[in-house]
Amino acid sequence: MAERSTHRGAFNKGAMSRLAVFSLLVAGALWTSALLNSGGAWASTAPPKAEAALVVRNTQGDTLVSIPMPEGATWCLEWNHSVTSIRVQDCYRHDAGRMVLERSHQPDFAAGLGHVLGRGRQVSDGAGGYWIEDINEPVPGNRYRLRVGSLAVDHRLLHEGRRISLSEQAADQAVTIQLQTGQLETNQVDP
């Protein structure tokens, strides 16, 4: 009889173990499903991260331009030189949350233009002008102020084949051009 009782006790313990394992598997599956269906949002106390954007604001803080600018994206500010009317470009990249001046195109050595030794490297553009490559200079505060030129100067943003004229919106006015990467940076305007 003692043998039978021991056998019966072992059976009950085994059944209990299998039931416990089954319950844990079901609970885990339910928890995983809830996590996946919620996008994991309930598992984090951090606020959702805002999408990065290149934002242009006037001195009143009004947004004139806002372009989604994910990590690695590039854009250029292009304008016509005020003396020679040649097209000049400063090109930037979104690099790990920073606005970085990557390169500059200058068709000649007009007034105010030129390569500074130690700041990038000058290479021919094949058409009589040159690129200053590998500048890789972070822009302080991810923003800078620009006095937008007249329509003759035509300051414009170039991004993915699009051309957005700042001069058409704010000629002869000061604007702030900013890579906005988080929620705390909204509506920052330089005085």
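Trainee: Explain the overall build of the protein residue by residue, including any values.
Mentor: Assigned secondary structure in the protein consists of two helices and 12 strands. Of the regular secondary structure in the protein, the N- to C-terminal order runs α-β-β-β-β-β-β-β-β-β-β-β-α-β. Counting only contacts in the protein whose residues sit at least 6 apart along the sequence, the fraction spanning at least 24 positions is 53%. In the structure as shown, the protein presents an accessible area of about 11800 Å², 57% of it carried by carbon and sulfur atoms.

Trainee: Break down the pattern of salt bridges for me, with residues and values.
Mentor: For the structure shown, the criterion picks out eight salt bridges. With a closest N to O distance of 3.2 Å, Arg98 and Asp95 form a salt bridge. Take Arg98: its relative accessible area is 36%, and that puts it in the partly exposed class. With a relative accessible area of 21%, Asp95 lands in the partly exposed category. With its nearest N and O atoms 2.1 Å apart, the salt bridge here joins Asp154 to Arg163. Residue Asp154 is classed as buried on the basis of its relative accessible area, which comes to 9%. Since its relative accessible area comes to 46%, Arg163 is described here as partly exposed.

Trainee: Can you lay out the state of the cysteines for me, pointing to particular residues and giving the numbers?
Mentor: By the definition in use, this model includes one disulfide. Cys76 shares a disulfide with Cys91; S-S distance 2.1 Å. Taking the torsion about the S-S bond as the criterion, the Cys76 to Cys91 disulfide, at about 100°, is right-handed. Taken together, the residues Cys76 in strand E3 (residues 74-80) and Cys91 in strand E4 (residues 87-95) connect sequence positions 15 residues apart. By the burial criterion, Cys76 is buried, and Cys91 matches it.

Procedures and definitions
- Residues numbered from 1 in each chain as written.
- Predicted model: local features only at pLDDT ≥ 70, side-chain atom pairs only at ≥ 80, totals over all residues.
- Heavy atoms only, no water.
- Helix = DSSP H or I, 4+ residues; strand = E, 2+ residues; numbered from the N terminus.
- Contact = heavy atoms within 4.5 Å.
- Areas by Shrake-Rupley, 256 points an atom, 1.4 Å probe, with all protein chains shown as cover.
- Salt bridge = Lys/Arg side-chain N within 4 Å of Asp/Glu carboxyl O.
- Buried < 20%, exposed > 50% of the residue type's maximum accessible area, 1.4 Å probe, protein only.
- Disulfide = S-S within 2.5 Å.

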